[in-house]
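Summary of structural features
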Amino acid sequence: MTTTNSVSGLRIGDLAAATGASARSLRYYEQQELITSERSLGGQRHYDDATVERVRLIRQLLAAGLGTETIREVLPCVHDPAARTPWLAERLAAELDRIDDRIDCLQRTRTTLAAVIKDYRAG
DNA sequence: GTTCTGACA
DNA sequence: TGTCAGTA
């Protein structure tokens, strides 16, 4: 569309380019209430500059294996100490354990694959 | 041309 | 998450 209105901010294509997330993913993040946007008269989404950093963090957490529900719960306290609660601390500790388990799993797999490759190269 | 929603894979 | 359809 080429509608002109007063709504400023990044359009979904801009945010996608700035974060590496696809427009499809960005709409999904919004649907999951991980990010918010304003709508122009034509219904187009417009994002605040701060959303760029937020999306990068979301993708980092997603890549680490956290689910969207967990991210939604945890995101508020990352940059806002006031949002940190005992319950959230337990939640984060649980995620830390999961990540450690995952690291262990990856490390074992790495060792296995490395051995196979070494064996192959040795002929 | 870009984005929107809903739907299917 | 990609992609297709029909729009605005």
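We now turn to the structure provided with this report. Bear in mind that the values here come from a model prediction, so they are computed numbers and not experimental data. Going along each chain's sequence as written, the residues are numbered from 1 onward. For naming, the first written chain is A and the first written ligand is 1, with later ones following in the order written. Given that the model is predicted, a residue must reach a pLDDT of at least 70 before its local features are reported, and side-chain atom pairs must reach 80 or more before they are shown or counted; all residues, however, enter totals for whole chains, interfaces and linings. To get the side-chain values, all heavy atoms of the structure are used, and hydrogens and water are removed first.

Each helix and strand in chain A was counted, giving 5 helices and 2 strands. Helices and strands in chain A line up, N terminus first, as α-α-β-β-α-α-α. Computation of the radius of gyration draws on C-alpha atoms alone. For the globule rule, the value is 2.2 Å times the number of residues to the power 0.38. Against the 2.2 N^0.38 benchmark of 14 Å for 123 residues, chain A shows a C-alpha radius of gyration of 20 Å, more extended than a compact globule. When its C-alpha atoms are laid out on the principal axes, chain A stretches across 65 × 45 × 20 Å. A contact between two residues is defined here by any heavy atoms of the two lying within 4.5 Å. Sequence separation of at least 24 residues holds for 52% of the intrachain contacts in chain A that already meet a minimum separation of 6. Counting only carbon and sulfur atoms, one obtains 53% of the accessible surface of chain A, whose full area is about 8,700 Å². Residues scored as positive are Lys and Arg, those scored as negative are Asp and Glu, and His as well as the terminal groups of each chain are ignored. In plain terms, the charge of a residue is placed at NZ if it is Lys, CZ if Arg, CG if Asp and CD if Glu. With 17 positive and 17 negative side-chain charges, chain A shows a separation of 8 Å between the mean positions of the two kinds. In this description a helix means any DSSP run of H or I spanning at least four residues, a strand means any run of E spanning at least two, and both kinds are numbered starting from the N terminus. Each accessible area is a Shrake-Rupley estimate made with a 1.4 Å probe; only the visible protein chains count as cover when residues are assessed.

The next subject is unusual backbone geometry. Positioned with a positive phi, E33 is a non-glycine residue whose angle comes to about 60 degrees. Its place among the elements puts E33 in the loop between helix 2 (23-31) and strand 1 (38-39). Buried, partly exposed and exposed residues are distinguished by accessible area as a fraction of the type maximum, computed with a 1.4 Å probe on protein chains only: under 20%, between the cut-offs, and over 50%, respectively. You can call E33 exposed: its relative accessible area is 60%.

Next up on the list: helix 1 (residues 12-19). Buried within helix 1 we find I12, L15, A16 and T19. Taken end-on, helix 1 shows its buried residues confined to a sector of 100 degrees, consistent with a single buried face. Looking at the buried residues of helix 1, the elements they touch are helix 2, strand 2 (45-46) and helix 3 (50-63). Comment: arc refers to directions from the helix axis out to C-beta atoms.

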